[in-house]
Amino acid sequence: MDSLIITVAPVGAETSRKDNPALPVTPEEIADEAAKCAEKGASIIHLHVRDAAGEATQSKAVFEKTMELIKKKSNIIIQASTGGAAWMTAKERLRPLELTPEMATLTTGTVNFGSEIFSNSIPMVEEFAKMMSERGIKPEIEVFDVGMIQTALMLVKKGILRTPLHFDFVMGVPGGIPGEARHLVHLVDSLPAGSTWSVAGIGRFELPLAMMAIVMGGHIRVGFEDNVYYGKGVLADSNAQLVERIARLAGEMGRKVATPEEARGILGLTR
Ligand code: KMH
Ligand code: ZN
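Small disclaimer: the values here were computed from a predicted structure and weren't measured.

### A word on the pattern of salt bridges
When the charged atoms of two side chains lie near each other, side chains of opposite charge can form a pair.
No. 1: Evaluation of the coordinates by the stated rule reveals 13 salt bridges.
No. 2: For Arg264, the salt bridge is made with Glu102, and the minimal N-O distance between the two is 2.8 Å. Here Arg264 is found in helix H9 (residues 260-267), whereas its partner Glu102 is found in the loop between helix H3 (90-94) and strand S6 (103-107), with 162 residues between them in sequence. The same class applies to Arg264 and to Glu102, which are both buried.
No. 3: Between Asp168 and Arg221 there is a salt bridge whose closest N-O contact spans 3.5 Å. Of this pair, Asp168 sits in strand S10 (residues 166-171) while Arg221 sits in strand S12 (residues 219-222); the two residues are 53 residues apart in sequence, bridging distant segments of the chain. When sorted by exposure, Asp168 lands in the same class as Arg221, which is buried.

So, in structure tokens, the structure goes:
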């Protein structure tokens, strides 16, 4: 079994300091948190950024500054979000790709996202995927429901995406696929051979789904974008604390944790 890739999603677009006062928001705070998480075993950072008022932004300048600071402090793989926030336009969401990060997210379908709609029409997904392919950016296909796997495969058929694909199952979003074990088994069974996958369980689903990924040979995403708690009613002190727990439990279960270099090898990153 491959070593375990731990992705940290430290900030997201929706989480606020009201949810957890330890949320990193400035470029400096995000870069410091990335370095601490890398020390504890994270090999990828799923990156959203915030403006000076603490609101989600896809500003190229803010991404650039944050990415520079992250690179100064660690060797962690930077995966820029093209999901942004549900209210953003496609044009805004694409901006971080201009900085050619090693990886970026690609959501291959539309989904109800709480009370909002996270809109990803097929022409839009194709435009995002083409830009990633042209720039050699490895997409992580964000799957909020099972049909999104089929859409990714259609992009492979059209020659827009190349296999092997890497997927992330975001499970437990209100409106998306629920976070129960049987749904993860079905998602994994639906992947083409040779794919890699990780799971991001929302809220209380984070830890049990992560444990399943350890034994099933998948990979794991944790962090305040998805879950701000360490346990029921107990806030996590930091993203690094959530990463550390996963690395410890993986070790207890005999699964080695990947370094960023190992993760690059597993995912076939070429730069
Ligand atoms: N904030 C969500 C609407 C991604 O980063 O690619 C979308 C999201 C997915 O977070
Ligand atoms: Zn995200």
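### Notes on the packing of helix H4 (residues 122-135) against helix H5 (residues 147-157)
No. 1: At a minimum axis separation of 11 Å, H4 and H5 run at an interaxial angle of 55°. When the interaxial angle is binned, H4 and H5 end up oblique. Read as a crossing pair, H4 and H5 show a hand that is right-handed. Across from Ile122, Val125, Glu126 and Ala129 in H4, the residues of H5 making contact are Thr151, Met154 and Leu155.
No. 2: Of the residues contributing to the contact of H4 with H5, the split by class is 5 nonpolar, 1 polar and 1 charged.

### Some points on the coordination of the zinc ion (ligand 2)
No. 1: Looking at the zinc ion (ligand 2), one finds its protein donor set to be His46 (NE2), His48 (NE2) and Glu225 (OE), positioned 2.1 Å from the metal centre.
No. 2: Counting residues between consecutive donors of the zinc ion (ligand 2) along the chain gives the motif H-x1-H-x176-E. Residue His46 is found in strand S2 (residues 42-47), and its partner Glu225 is found in the loop between S12 and strand S13 (229-231); the two are separated by 179 residues along the sequence.
No. 3: Here His46 falls in the buried class, since its relative accessible area comes to 3%.
No. 4: The buried category is assigned to Glu225, whose relative accessible area is 17%.

### Side note on the nonpolar core
No. 1: Phe167 and Phe169 are the most contacted members of the largest nonpolar core, which totals 76 residues.
No. 2: Once you skip the residues sitting within four places of it in the chain, Phe169 turns out to touch Val143, Ile149, Leu184, Leu187, Val188, Leu191, Trp197, Ser198, Val199 and Ala200.
No. 3: Counting 8 residues, the second largest nonpolar core, distinct from the first, contains Ile5, Ile44, Ile77 and Leu269.

### Thoughts on the sheet that holds strand S11 (residues 196-201)
No. 1: If you trace the 8 strands once around the closed barrel, you get S1-S2-S5-S6-S9-S10-S11-S12, paired in parallel fashion. Sheet twist, expressed as the mean angle between neighbouring strand axes with direction ignored, is 30°.
No. 2: Sheet strands in contact with H4 are S6 and strand S9 (138-143), and its direction is about 165° off that of S6.
No. 3: Sitting on the sheet, helix H6 (residues 181-189) touches S9, S10 and S11, and the angle it makes with S10 is about 160°.

Conventions and cut-offs
- Residues numbered from 1 in each chain as written.
- Chains lettered and ligands numbered in written order.
- Predicted model: local features only at pLDDT ≥ 70, side-chain atom pairs only at ≥ 80, totals over all residues.
- Heavy atoms only, no water.
- Salt bridge = Lys/Arg side-chain N within 4 Å of Asp/Glu carboxyl O.
- Helix = DSSP H or I, 4+ residues; strand = E, 2+ residues; numbered from the N terminus.
- Buried < 20%, exposed > 50% of the residue type's maximum accessible area, 1.4 Å probe, protein only.
- Axes fitted to C-alpha atoms, helices over the stretch in contact; angles between N-to-C directions.
- Parallel < 35°, antiparallel > 145°, perpendicular 65-115°, else oblique.
- Left-handed = near helix turned anticlockwise from the far one by under 90°.
- Contact = heavy atoms within 4.5 Å.
- Nonpolar A, V, L, I, M, F, W, Y, C, P; charged D, E, K, R; others polar.
- Donors = N, O, S within 2.8 Å, 3.2 Å for Na, K, Ca; no water.
- Core = buried A, V, L, I, M, F, W, Y, C linked by side-chain atoms within 4.5 Å.
- Pairing = 2+ DSSP bridges.

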